[in-house]
Amino acid sequence: MMNDAFDLRLAEAHIEVHKFRSGAIVVSTFFALVLQAFVPVYFPKFAVLDLPLLVVVYFGLSRRNPSTGLLLGMVIGLLQDSLSGPTVPLGLYGIAKTIIGYLASSIGARLDTEHPAARFALTMMFFVLHQGVITLTRRLLLAEPEPWFTLRLVIAAAVNAVVAVVLFTLLDRLRKS
Amino acid sequence: MAGVPSRHKSLVLLAGVIILQVVLLAVQIKRDSQGRLLRVWTVGAVSPFQRAGAKGIGNIRDTWSHYFALQNTTRDNEQLRRENDALKLQVNQLQSKAAESDRLAALLNFRQAQRNVPMLAARVIGTGADTGSQTVDLDRGERDGVRRNMGVITPDGVVGKVIESYRDTAQVQLLTDKYSGVGGMLAESRIQSPVGGTGEPLLSMKYIPTDETVNVGEHVVTSGMDRIFPRDLPVGIVTEIKTGRPFQQVRVRPAANLQRLEEVIVLLTLHPLEKKETQAPAADATGKSVGGTAAVNP
């Protein structure tokens, strides 16, 4: 076990774990949820974005702690569920974001995810995976017919990835120097 | 977790958290419970910001239209005058048709009846937080008499129904939601069929037999059979027809602009509204409409 830990430290020696200013995660989460539930009234196309997911991915990649990543994903997902009305049962987005939070933190602990190209690719991948988990949950647990793959999904993933590159740069400013 | 290697602890935690949420989902399905407590807290925390944002945007728009956009006023006036003339013409045509048509006469009766229907204007302050959401949040809730299953309309047509009501806000399921539906009928032939959402901008009229004639451009109105909406409210216009067996696939564009809703009207009654001619005298005996007003009694 000690060897395992030692090997892990060697492998990840160059990966920096980022700390954030106090309240940064809470405030970012809150803003993401409020914007997600408000802006589409005036700009319907905004609904293609999943800001809470981007927040989960960003803090997962930056904090690089799978346990906190998955818990953050769960909390944000459940809050998103609860804001989405009774057509979305509690746990639908919760499960998907828990998994994304865990994976983002795990990948963040092994790869350098600071480069915009890496952030673009990872966000796109996480978005597709997130929708895949939601579709799986809807099909298996809720018995709701949901298509696996649509053109809209690909477009939405690309749009979210572009927004993520910009948003992540802004969120970088909340890091403690 | 003492015996679990530290790097596996997060995996165990992941499994535990997911199982917990699967159980939560199962409980909601089994008991038809919607986790109302958490929803009340979350909506209560977020809705003041939505409300403030909606008010702020309204103020900005007012300021813009009153002070900065005055240079367009003359052009707008001219355009409005032209529209007004066109509308007058349209109204005249409608009035002459109404005199000849029983259906339009009934519709006019109903519109007259609507004067006594308790209604409430509400502002749209938000949408569901899920991607591609087909729900909107209103700035009126239980305190204003809004209850689940009340119909929501605009002057253009049907919007949807209230699916959850909180103290100061309510959530409305739009007609375009794929689990949404309204009792509809073709305005001319009076053929009835449910009209349902597809998750896309167009609605689907599901059960029109193949041997019935349907025309593109035909109006679809409410049938009143869903016991939520009164008869003869505009639902939409037929835009596409595909033959099929045993039913045609009829696509309908919603009459109300569901993509850009800012103000709506909530029908403050949980009882089906009927046309004047078909109103049962016992309606008042059974009906206690919200707000203390009789549902429809012209």
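Everything numeric in this text was worked out from a predicted model, so none of it was measured.

Undergrad: Please set out the overall build of chain B residue by residue, giving values where relevant.
TA: When its secondary structure is counted, chain B shows five helices and twelve strands. The 298 residues of chain B split such that 34% are buried. In chain B, once contacts between residues fewer than 6 apart in sequence are set aside, the share between residues at least 24 apart is 56%.

Undergrad: Give a description of the interface of chain B and chain A that names residues and reports values.
TA: Many analyses report the size of an interface as the accessible area lost when the parts associate. On the chain A side, the residues contacting the 42 residues of chain B number 37 residues. Residue assignment for the side of chain B that touches chain A shows that the elements contributing at least two residues are α1 (6-31), α2 (36-68), β1 (119-127), β4 (157-165) and β5 (170-174) of chain B. Take the side of chain B that touches chain A: its biggest share by element is twelve residues, from α1 of chain B. For the side of chain B that touches chain A, a count of residues per class yields 17 nonpolar, 18 polar and seven charged.

Undergrad: Mind laying out the pairing of β4 of chain B, listing which residues take part and the relevant values?
TA: Residue and element names in this part refer to chain B. Within β4, nine of the nine residues are buried, which leaves the element mostly enclosed by the surrounding structure. Pairing geometry for strand β3 (residues 151-154) and β4, over four bridges, is antiparallel. Bridging across to β4, V152 finds its partner in G160. Counting the residues between successive antiparallel strands, the hairpin from β3 to β4 contains two residues. Count of turn residues in the β4/β5 antiparallel hairpin: four residues.

Undergrad: Tell me about the environment of P48 of chain B, and please be specific about residues and values.
TA: Residues and elements named next belong to chain B. You can see P48 is positioned in helix α2. Judged by the 13 C-beta atoms lying within 10 Å of it, P48 falls in the partly exposed class. As a C-alpha pair, P48 and D168 span 120 residues in sequence and 9.5 Å in three-dimensional space.

Undergrad: I'd like a rundown of the environment of D156 of chain B, residues and numbers included.
TA: All names here are of chain B. If you trace the backbone, D156 turns up in the loop between β3 and β4. When the 14 C-beta atoms within 10 Å are taken as the criterion, D156 is described as partly exposed. For the pair D156 and P254, spaced 98 residues apart in sequence, the C-alpha separation works out to 9.2 Å. Leaving out residues up to four positions away in the same chain, D156 has contacts with P234, A255, A256 and N257.

Undergrad: Pulling in residues and values, what's your account of the domain arrangement of chain B?
TA: All names here are of chain B. Partitioning chain B into structural domains gives domain 1 (37-109) and domain 2 (119-270). Each partner contributes residues to the interface: domain 1 has eight residues there, and domain 2 has nine residues. At the level of elements, α2 and α4 (102-114) are the ones that each hand at least two residues to the side of domain 1 that touches domain 2. Examining the composition of the side of domain 1 that touches domain 2, we find that six residues originate from one element, α2, more than from any other.

Undergrad: I'd like a rundown of the environment of Q80 of chain A, residues and numbers included.
TA: Of note, Q80 of chain A is situated in helix α4 (residues 66-83). C-beta crowding within 10 Å serves as the criterion here: with 31 such atoms nearby, Q80 of chain A is assigned to the buried category. For the pair Q80 of chain A and V154 of chain A, spaced 74 residues apart in the sequence, the C-alpha separation amounts to 22 Å. Those residues in contact with Q80 of chain A, other than ones at most four positions away along the chain, are L33, P52 and Y93 of chain A together with A129 and D130 of chain B.

Reading the values: the criteria
Throughout, a residue's number is its position along its own chain's written sequence, starting from 1. Labels follow written order: the first chain is A, the first ligand is 1, and so on. Given that the model is predicted, a residue must reach a pLDDT of at least 70 before its local features are reported, and side-chain atom pairs must reach 80 or more before they are shown or counted; all residues, however, enter totals for whole chains, interfaces and linings. A helix here means a DSSP run of H or I that spans at least four residues, while a strand means a run of E at least two residues long, and both kinds are numbered starting from the N terminus. Buried means a residue has 20 or more other C-beta atoms within 10 Å of its own C-beta, exposed means 12 or fewer, and partly exposed covers the counts in between; C-beta atoms are placed from the backbone. Contacts are defined on C-beta atoms placed from the backbone: any two residues whose C-beta positions lie within 7 Å are in contact. Charged residues are taken to be Asp, Glu, Lys and Arg, nonpolar residues to be Ala, Val, Leu, Ile, Met, Phe, Trp, Tyr, Cys and Pro, and polar residues to be all remaining types, Gly included. In this scheme, strands are said to pair when DSSP sees at least two bridges between them. An automatic or database domain assignment supplies the residue ranges for each domain.

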